[in-house]
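Each chain, letter by letter, is given below.
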Amino acid sequence: MLGFLKSDPKKKLQKAYEDKLAKALHAQRNGDLRTHGTLMEEAEKIYEEIQQLEKQAG
């Protein structure tokens, strides 16, 4: 009945993914390639989780 109040895990993961990408871009622009690489790896893991959720829902 109050399904609209439940948090959507996909939206939460999508937001985290976009935040990681933004931080990675900022690190790359500042010349911190090590941090950029770490953040990109974390973003890829989040993206894989998003793909798993889409497969389960689909």
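As the structure is a prediction and not an experimental result, all values here were calculated from the model. (Residues numbered from 1 in each chain as written. Predicted model: local features only at pLDDT ≥ 70, side-chain atom pairs only at ≥ 80, totals over all residues. Heavy atoms only, no water.)

> Sorry, what's going on with a negative patch on the surface here?
A contiguous patch of negative charge, built from Glu41, Glu44, Glu48 and Glu49, is present on the exposed surface. Relative to the assigned elements, glutamate 49 resides in helix α2 (residues 33-57). By relative accessible area, glutamate 49 is classed as partly exposed at 42%. (Patch = residues over 30% accessible without salt bridge, like charges linked within 9 Å, V, L, I, M, F, W, Y side chains within 5 Å. Areas by Shrake-Rupley, 256 points an atom, 1.4 Å probe, with all protein chains shown as cover. Salt bridge = Lys/Arg side-chain N within 4 Å of Asp/Glu carboxyl O. Lys, Arg positive; Asp, Glu negative; His and termini not counted. Charge placed at Lys NZ, Arg CZ, Asp CG, Glu CD. Helix = DSSP H or I, 4+ residues; strand = E, 2+ residues; numbered from the N terminus. Buried < 20%, exposed > 50% of the residue type's maximum accessible area, 1.4 Å probe, protein only.)

> How should the environment of alanine 24 be read in this particular structure?
Relative to the elements of secondary structure, alanine 24 occurs in helix α1 (residues 9-29). For alanine 24, a relative accessible area of 0% translates into the label buried. Placed 16 residues apart in sequence, alanine 24 and methionine 40 show a C-alpha to C-alpha distance of 6.3 Å. Residues in contact with alanine 24, not counting those within four places in the same chain, are His36, Leu39 and Met40. (Contact = heavy atoms within 4.5 Å.)

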